[in-house]
Amino acid sequence: MTVTELGPERQAHVGLIVESSEDSLTLKLVTPIPCGTPVQVEAISILMLGAVLRCEPVDEGFRIALELRHSLRDLQALEMFNKALVGKRTKHEILPPVHIMRE
């Protein structure tokens, strides 16, 4: 899982998800993120946006509590939908022509 601080520098952190619920997420990271920092969390097929509520030192890292504000699940389906909307298809996704005129 990757956590990216949103802002001019967009610093990325790699960590583990410890706990999750509908509106919060607890992570374990090697480096701290200041409280109040807006972040983007990317995990397998999900993208979440939120802000850091707490950052506490634990063991050899930091326990970060996030308040989640938005999440997008099933990113692969979303990417395929986006490609269909903008008309960009891979050679495996090309659909056969459909005739709309009667002969």
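Throughout what follows, the structure given in this document is the object of discussion. Remember, it's a predicted structure, so these values are computed and weren't measured experimentally.

Remarks on the environment of valine 18
Part 1 of the reasoning: Along the chain, valine 18 falls in strand E2 (residues 12–20).
Part 2 of the reasoning: Along the primary structure valine 18 and arginine 63 are separated by 45 residues, whereas in three dimensions their C-alpha atoms are 8.6 Å apart.
Part 3 of the reasoning: With residues up to four places along the chain from it excluded, the contact list for valine 18 reads Thr26, Leu27, Lys28 and Arg63.

Remarks on the side chain of threonine 37
Part 1 of the reasoning: Residue position: threonine 37 is located in the loop between strand E3 (24–29) and strand E4 (38–43).
Part 2 of the reasoning: Setting aside anything within four residues of it in sequence, one finds threonine 37 in contact with Glu5, Gly50, Ala51 and Val52.

A look at the nonpolar core
Part 1 of the reasoning: Counting 13 residues, the largest nonpolar core has Val3, Leu25, Val39, Val41 and Leu66 as the members making the most contacts within it.
Part 2 of the reasoning: Contributing elements (two or more residues each) for this core: E3, E4, strand E5 (46–58) and strand E6 (61–73).
Part 3 of the reasoning: With sequence-adjacent residues up to four places away left out, valine 3 is seen in contact with Gln11, Ala12, His13, Leu27, Leu29, Ile33, Val39, Gln40 and Val41.

Definitions and cut-offs
Residues numbered from 1 in each chain as written. Predicted model: local features only at pLDDT ≥ 70, side-chain atom pairs only at ≥ 80, totals over all residues. Heavy atoms only, no water. Helix = DSSP H or I, 4+ residues; strand = E, 2+ residues; numbered from the N terminus. Contact = heavy atoms within 4.5 Å. Core = buried A, V, L, I, M, F, W, Y, C linked by side-chain atoms within 4.5 Å. Buried < 20%, exposed > 50% of the residue type's maximum accessible area, 1.4 Å probe, protein only.

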